[in-house]
Every structure is written in structure tokens, then in C-alpha cells.
Amino acid sequence: GIRDAQESRGLGDVYKRQTFISLQKIAIGLDVPISAFFQASSADSFVVRQNQRRKLILDDGNRVWQLLIPDLNRSIEFLLMEWGPRISTEGRPSCHEGEECGLVLEGVLEVHWGDEVFLLEEGDSIYLPSNIPHWYRNPSDQKVVCVGAATPPSGEEFYNRIAAIVPHPGCP
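All values reported here derive from a predicted model rather than from experimental measurement.

Draft legend 1. Quick look at the confidence of the model for the protein chain. Mean pLDDT for the protein chain: 80, with 69% of residues reaching 70 or above. Highest mean pLDDT in the protein chain belongs to strand β6 (residues 116-121) (98); lowest belongs to strand β10 (residues 164-166) (49). Confidence drops under pLDDT 50 across residues 165-172; counting only partners more than four residues distant or on other chains, this segment forms 17 contacts.

Here it is in C-alpha cells:
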């Protein structure tokens, strides 16, 4: 075809450069990065359906975290977390680089951050720098449901050490 004719005349590189320049102009016109033309467009790369969430089971099932992102190899970690009655991470405080935030959807959650204690009720949210020792406790006899995000993410390796990761059907 046309490309074969261009390459036989030594015009292949010229054609590629012109195509790239055209893509740059289109990207500028659309006010998007040129990389937008090369990103995957599959919904599987961006959307996690409720029935496809991977679950992280901690404390013998008394804490269940569901990944709200396709995997833990992203720039942010996003989880739906359920805490059983009276569950606490007091004996395992966390301290790491980054930031965390959360929103309580149901129940009550104590957040211990350094020497401070915050009692979050349904609808309350929190933001914390993660470089101060922190831990969590459900002080009630009811479960707690919350969503949380952290950056940078802990990653697969961390969760493989602390939890049984249950893949959704069809997930490797």
C-alpha cells in the first residue's frame, strides 16, 4: 500500500514524523496530553464492578477490605472497609510516608493519630498525614463500614504479608 511505497522510497520516517506532528496538533487542539491517544480504553482498566472486587480478609475475617480499584499497582489505594465489633489495630500501629483519608458510611470508628483520638460517626470524614503513628478501633458492638484512600499505596507485597487476598472470579 501507500506505506510500502513510502518506505521503498525512504519516506517511512518522514511519514511517521508527520503523523506524530499531526497527533501533537490534535492533542493541543483538544487540550489533552498526546499520551491520551495511546492509553488503554478498556473498561476493565478503569471500572471495578461490585461483584468483581478483590477482598482482603484480615483478623480472621473480622476486617474485610474490598479493593475499589483494579489492582494495588496504582498511584492511590482505594478501599471499602468493614470492621467487626470491637476490632482494633492498637497492637499494630502504622507509620509510613504519605497521606490517608476516610469516610465513615455506617457505625463509629476511633482514629488514633499520635496522641490524639478522633471519634468518627456516620458521615464524618478525616484526612491524616501518615508519617505519624496511627491505628484504628471500632468501639461498638456494631460493624463499621467506611471508604478510605491512601497515597502512596501499600501495594500487593504488603497485603500478601498481612492478609488473605481473595481474587474475584476471572482474576489471576
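Draft legend 2. Region of interest: the pattern of salt bridges. All chains considered together, the criterion is met by 4 salt bridges. Where aspartate 71 meets arginine 74, a salt bridge forms, and the shortest distance between an N and an O atom there is 3.2 Å. Judged by relative accessible area, arginine 74 falls into the partly exposed class, the value being 33%.

Draft legend 3. Local environment of the pairing of strand β2 (residues 63-67). With 4 of its 5 residues buried, β2 lies for the most part within the structure. Pairing analysis gives 4 bridges linking strand β1 (residues 55-58) to β2, with the strands arranged antiparallel. Counted as the bridge partner of isoleucine 57 is valine 64 from β2. Where β1 folds back onto β2 in an antiparallel hairpin, the turn is made up of 4 residues, including aspartate 59, whose phi is positive at roughly 50°. Judged from the 5 bridges that link them, β2 and strand β3 (residues 77-83) form a sheet pairing that is antiparallel. Bridge pairing in β3 links valine 64 to glutamate 82.

Draft legend 4. Expanded view of the sheet that holds β6. The strand order β6-β5-β8 describes an open sheet built from 3 strands, whose pairing is antiparallel. Each end of this open sheet is capped by a strand with a single partner; those strands are β6 and β8 (134-137). Each neighbouring strand pair of the sheet contributes to a mean axis angle of 20°, computed without reference to strand direction. With 4 bridges connecting them, strand β5 (residues 108-113) and β8 associate as antiparallel partners. Bridge pairing in β8 links tryptophan 113 to histidine 134.

Draft legend 5. Structural context of the pairing of β3. Burial runs high along β3: 5 of the 7 residues are buried. Direction of pairing for β3 relative to strand β9 (residues 144-151): antiparallel, over a ladder of 7 bridges. The residue of β9 that forms the bridge with tryptophan 83 is valine 144.

Draft legend 6. Representation of the nonpolar core within the structure. Trp65, Trp83, Leu109, Val111 and Cys146 are the most contacted members of the largest nonpolar core, which totals 19 residues. Contributing elements (two or more residues each) for this core: β1, β2, β3, β5, β7 (125-129) and β9. With residues up to four places along the chain from it excluded, the contact list for valine 111 reads Glu116, Val117, Phe118, Leu120, Ile126, Leu128, Trp135 and Tyr136.

Cut-offs applied
Residues numbered from 1 in each chain as written. Predicted model: local features only at pLDDT ≥ 70, side-chain atom pairs only at ≥ 80, totals over all residues. Heavy atoms only, no water. pLDDT = per-residue confidence, 0-100. Helix = DSSP H or I, 4+ residues; strand = E, 2+ residues; numbered from the N terminus. Contact = heavy atoms within 4.5 Å. Salt bridge = Lys/Arg side-chain N within 4 Å of Asp/Glu carboxyl O. Buried < 20%, exposed > 50% of the residue type's maximum accessible area, 1.4 Å probe, protein only. Pairing = 2+ DSSP bridges. Axes fitted to C-alpha atoms, helices over the stretch in contact; angles between N-to-C directions. Core = buried A, V, L, I, M, F, W, Y, C linked by side-chain atoms within 4.5 Å.

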